[in-house]
Amino acid sequence: MAAEDVQKPTFVSARLIAGGLYHDIDYARLQLLQRLAAYPRVRTKVAPDYATPGFLDGADCLVTYTCDVVPDVPQVDALQAFLDRGGRWLALHGTNSILAQNETGRWFAPQDDTGFMALLGSQFAAHPPIAPYRVHAVNPDDPLVAGVGDFEVEGGDELYYMRLFGDIDILMDAQGQGPARGFVEREWDAETRWPVLYRKRVGAGEIVYFTPGHRRSHYDMTPLVDYYPHQENGAWAVPAFNTILDRCLAWAVGGDVPAQ
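Residues numbered from 1 in each chain as written. Predicted model: local features only at pLDDT ≥ 70, side-chain atom pairs only at ≥ 80, totals over all residues. Heavy atoms only, no water.

Chemist: Could you give me a rundown of the nonpolar core, with the residues and numbers involved?
Modeler: L90, F151, M172, L197, I244 and L245 are the most contacted members of the largest nonpolar core, which totals 58 residues. Top contributing element to this core by residue count: helix α4 (residues 239-252), with eight residues. In this structure, L90 is in contact with L62, V63, T64, V208, L245, C248, L249, W251 and A252, ignoring residues within four places of it in sequence. Counting residues in each nonpolar core, the second largest holds 24 residues, with A59, I98, M117 and I207 among its members. (Core = buried A, V, L, I, M, F, W, Y, C linked by side-chain atoms within 4.5 Å. Buried < 20%, exposed > 50% of the residue type's maximum accessible area, 1.4 Å probe, protein only. Helix = DSSP H or I, 4+ residues; strand = E, 2+ residues; numbered from the N terminus. Contact = heavy atoms within 4.5 Å.)

Chemist: Quick rundown of the sheet that holds strand β11 (residues 169-175)? Include the residues and the values.
Modeler: The nine strands are arranged β2-β1-β3-β4-β13-β12-β11-β8-β9 in an open sheet whose pairing can be described as mixed. Whereas interior strands pair on both sides, the edge strands pair on one side only; in this sheet they are β2 (42-47) and β9 (151-157). The mean inter-strand angle of the sheet, taken between neighbouring strand axes irrespective of direction, is 20°. Where strand β12 (residues 193-202) and strand β13 (residues 205-210) come together, six bridges link them in antiparallel fashion. Each residue of the ladder has a partner; that of Y198, found in β13, is Y209. Its contacts with the sheet place helix α2 (residues 73-84) against β3 (61-67), β4 (88-92), β12 and β13, and it is angled at close to 125° to β4. Taken strand by strand, α4 contacts β3, β4, β9, β11, β12 and β13, and its axis lies near 155° from that of β4. (Pairing = 2+ DSSP bridges. Axes fitted to C-alpha atoms, helices over the stretch in contact; angles between N-to-C directions.)

Chemist: Give me the lowdown on the environment of P229, citing residues and values where you can.
Modeler: With respect to the secondary-structure elements, P229 resides in the loop between β13 and α4. Sequence separation between P229 and H218 is eleven residues, and the spatial gap between their C-alpha atoms is 6.0 Å.

Chemist: Lay out the pattern of salt bridges in plain terms, naming residues and giving numbers.
Modeler: Counted according to the given criterion, the structure contains twelve salt bridges. For R29, the salt bridge goes to D26, with nearest N and O atoms at 2.8 Å. Taken together, the residues R29 and D26, both in helix α1 (residues 25-37) and three residues apart, mark about one turn of the helix. The network of salt bridges with shared partners includes D142, R199, R201 and E206. (Salt bridge = Lys/Arg side-chain N within 4 Å of Asp/Glu carboxyl O.)

Chemist: Explain the side chain of D24 to me, using residue names and the numbers behind them.
Modeler: Structurally, D24 is set in the loop between β1 (12-20) and α1. If sequence neighbours within four positions are ignored, D24 has contacts with R215, R216, S217 and D220.

Chemist: Just give me the short version of the layout of surface pockets, but keep the residues and values in it.
Modeler: Estimated volume of the largest pocket: approximately 260 Å³. Around the largest pocket, the lining is made up of 16 residues, and of these L99, H127, E158, F183 and R216 lie nearest the centre. There is about 200 Å³ of room inside the second largest pocket. Around the second largest pocket, the lining is made up of 15 residues, and of these G54, F55, L56, Q75 and A78 lie nearest the centre. Here the residues of the lining of the second largest pocket sort into ten nonpolar, three polar and two charged. (1 Å grid on protein atoms, 1.4 Å probe; cavity = no way out; pocket = protein on both sides within 12 Å on 5 of 7 lines; lining within 4 Å. Points joined across faces, edges and corners; volume = space filled by probe spheres on them. Nonpolar A, V, L, I, M, F, W, Y, C, P; charged D, E, K, R; others polar.)

Chemist: I'd like to hear about unusual backbone geometry, residue by residue, with values.
Modeler: In this model, T222 is joined to P223 through a cis peptide bond whose omega is 5°. Within the element layout of this structure, P223 appears in the loop between β13 and α4. Even without a glycine there, the phi angle at D68 is positive, about 60°. You can see D68 is positioned in the loop between β3 and α2.

Chemist: Any details on the packing of aromatic side chains? Residues and values, ideally.
Modeler: Across all of its chains, the model carries 14 aromatic pairs by this definition. Judged by centre distance (6.0 Å) and plane angle (35°), the ring pair of W89 and F116 falls under tilted. In this pair, W89 sits in strand β4 while F116 sits in helix α3 (residues 116-120), placing the two residues 27 residues apart along the sequence. With a relative accessible area of 0%, W89 lands in the buried category. With a relative accessible area of 0%, F116 lands in the buried category. Between F210 and F241, the aromatic rings sit 5.3 Å apart at their centres with planes inclined by 20°, giving stacked as the arrangement. Of this pair, F210 sits in strand β13 while F241 sits in helix α4, and the two are 31 residues apart along the sequence. Comparing F210 with F241 shows no difference in burial state: the two are buried. Linked through ring pairs, Y27, Y65, F210, W236 and F241 together constitute an aromatic cluster. A cation sits over an aromatic face here: R15 above F55, 5.8 Å from the ring centre. Above the plane of the ring of Y27 lies R215, whose end atom (NZ or CZ) is 3.7 Å from the centre. (Phe/Tyr/Trp six-rings, centres within 6.5 Å; stacked < 30°, edge-to-face > 60°. Lys NZ or Arg CZ within 6 Å of the ring centre and 35° of its normal.)

What follows is the structure in structure tokens.
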């Protein structure tokens, strides 16, 4: 067989948006770039938000780890077009957040008027205090979670209480943890179960949203405070979280989802 007849691996053009407030974005960016770099056929362009002109042009997949970073209407249209033509979008942690404070300092989630949250399938509303919680496999046969089963987020993370939009396929969920102290929407039913991992079809493409992954270090709460006394590692130290995250990244780049 001639060299030119050898089947060449398909090149994958990836995009990573990592930016925003009140999280150790540097840590998440590095983690995600290292994992994407494990795929020799993947090349990744990085941005702090959705504003770079033409950022999604030619992209096969998009990974987002943000907090309070929301695209405008033309940028939402670009996301819609990316998905319509078959793009894969792995949305992580605070991608679905808009944050504001009222006159008493309580946090709330303003209404989205760009269409972004409707496209994504959810909007963050509040979370209870960071604490351990148990994640349950709703669809244990899905390749992203097969063999993982239920697991405990032992060190704690932000369990998202959310507004949901459209049809989503929930793969994993968790039971509410009671009041969201510090939020305008404080009272939540502790019996309600909330999506932790879901899929959403959009056009020829798909979104996978995985909500754990909180990370905050001492200098991530500026300008609210100069030094934050706690180190919050979230689910990053939990083996099951990392297994699922690696599978989600494999799905995003169009590769085989590794077995447990």
